[in-house]
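Coordinate analysis (summary)
The lines below spell out each chain.
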Amino acid sequence: LSQSVGSNANAEVSSQFDASTPTSADNLTESGIQPDAMQMYERAVHELHQGHAVIAEADANRALQRDPKFADAAALAATAALIQQQFQRAAAEATQAVQINAADEKAYVILATAQNYLGDYSDAAVALGHVQAQEQQTWQVAYQWARAEAGLQHLQKCLEWLNRAALSAPVNFAPLHL
């Protein structure tokens, strides 16, 4: 399975977060994240959107160091590593995100994406199994399922997932490289 990482990896996972102002005496944001970690995270999101994956990953990891419970920071670092084609590192950072928050479905999709690139198709399928049924209808998840099934030589399932991905994918996305 060969794929150009750039545009597809960018499209596979996006992070958006509205900043909250601290409201409690312990100086946490409403989401329970340290304000300095949130500020570093928001900078990392901006850097990633500007195409600066190396800087974004470093800042996302700094946000995680400032608040070790900040799963979104670990997921963002993993996304930046994917864009850099650093798949082992992406898998490790996504694993850290799901260890922090086992309900973080986007982190499981990032993990599956990295595992698919590494050829760990069974592990990718296990990660995708953590994604809720309604989210499996998104083209990103369906595409990762198709890649995992292709790697496992489950060609009929691969075709089914690929068709699901094609139905909802952006016009400029061509999954022909499977």
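Anything mentioned here points back to the structure above.
Report on the accompanying structure. (Residues numbered from 1 in each chain as written. Predicted model: local features only at pLDDT ≥ 70, side-chain atom pairs only at ≥ 80, totals over all residues. Heavy atoms only, no water.)

1. Points about the environment of Trp161
Mapped onto the fold, Trp161 is located in helix H9 (residues 155-168). Residue classification places Trp161 among the buried positions, given a relative accessible area of 10%. For the pair Trp161 and Trp139, spaced 22 residues apart in sequence, the C-alpha separation works out to 8.9 Å. Contact partners of Trp161, with chain neighbours within four places excluded, come to Gln136, Ala142, Trp145, Ala146 and Glu149. (Helix = DSSP H or I, 4+ residues; strand = E, 2+ residues; numbered from the N terminus. Buried < 20%, exposed > 50% of the residue type's maximum accessible area, 1.4 Å probe, protein only. Contact = heavy atoms within 4.5 Å.)

2. Focus on helix H6 (residues 105-118)
With 14 residues, H6 ought to run about 20 Å at 1.5 Å a step, and its terminal C-alpha atoms sit 20 Å apart, in line with that. With respect to burial, H6 is a largely interior element, twelve of its 14 residues being buried. Turning to H6, its buried residues are Glu105, Ala107, Tyr108, Val109, Ile110, Leu111, Ala112, Thr113, Ala114, Gln115, Asn116 and Tyr117. Downstream of H6 by one or two residues, Gly119 has phi in the positive range, about 85°. (Expected span 1.5 Å × (residues − 1).)

3. Notes on the environment of Tyr108
Mapped onto the fold, Tyr108 is located in helix H6. Tyr108 sits 19 residues away from Ala127 along the chain, and the two C-alpha atoms are 5.3 Å apart. Ignoring any residue separated from it by four or fewer positions in sequence, one finds Tyr108 in contact with Val98, Ala102, Ala127, His130 and Val131. Of the polar contacts made by the side chain of Tyr108, one reaches the backbone oxygen of Ala102; its length is 3.3 Å. (Polar contact = N/O pair within 3.5 Å; in protein donor to acceptor, adjacent residues only side chain to side chain.)

4. Some thoughts on the nonpolar core
Residues Tyr41, Leu48, Ala63, Phe70, Leu76 and Leu82 are the most contacted members of the largest nonpolar core, which totals 54 residues. The set of elements that each furnish at least two residues to this core consists of helix H2 (35-49), helix H3 (53-66), helix H4 (71-83), helix H5 (87-100), H6, helix H7 (121-128), helix H8 (139-151) and H9. By residue number, the principal contributor to this core is H4, which donates ten residues. (Core = buried A, V, L, I, M, F, W, Y, C linked by side-chain atoms within 4.5 Å.)

5. Details of the packing of aromatic side chains
What the rule picks out here adds up to three aromatic pairs. Seen in terms of ring centroids, Tyr41 and Phe70 are 4.9 Å apart; in terms of plane orientation they differ by 45°. Their pairing is tilted. Remark: Phe70 occurs in the loop between H3 and H4 and Tyr41 occurs in helix H2; sequence separation between them is 29 residues. Each member of the pair Tyr41 and Phe70 is classed as buried. Ring geometry for Trp145 versus Trp161: centroids 5.3 Å apart, planes at 10°, classification stacked. Linking Trp145 in helix H8 with Trp161 in helix H9, this pair joins segments that are 16 residues apart in sequence. Note on Trp145: relative accessible area 11%, which makes it buried. Between the NZ or CZ atom of Arg164 and the centre of the ring of Trp161, over which it lies, the distance is 4.2 Å. (Phe/Tyr/Trp six-rings, centres within 6.5 Å; stacked < 30°, edge-to-face > 60°. Lys NZ or Arg CZ within 6 Å of the ring centre and 35° of its normal.)

6. Points about the pattern of salt bridges
Two side chains of opposite charge can pair, provided their charged atoms sit close to one another. Overall, the coordinates contain five salt bridges when judged by the stated rule. Of the charged contacts, one joins Asp59 and Arg43 as a salt bridge, the two residues approaching to 4.0 Å between their closest N and O atoms. Taken together, the positions of Asp59 in helix H3 and Arg43 in helix H2 put the pair 16 residues apart, joining distant regions of the chain. By relative accessible area, Arg43 is classed as partly exposed at 43%. Where Lys106 meets Asp72, a salt bridge forms, and the shortest distance between an N and an O atom there is 2.6 Å. (Salt bridge = Lys/Arg side-chain N within 4 Å of Asp/Glu carboxyl O.)

7. Quick word on H3
For H3, which comprises 14 residues, the first-to-last C-alpha distance of 20 Å matches the rise-based estimate of 20 Å (1.5 Å per residue) to within 8%. Turning to H3, its buried residues are Ala53, Ala56, Glu57, Asp59, Ala60, Ala63 and Leu64. In this fold, the buried residues of H3 make contact with H2, H4 and H5.

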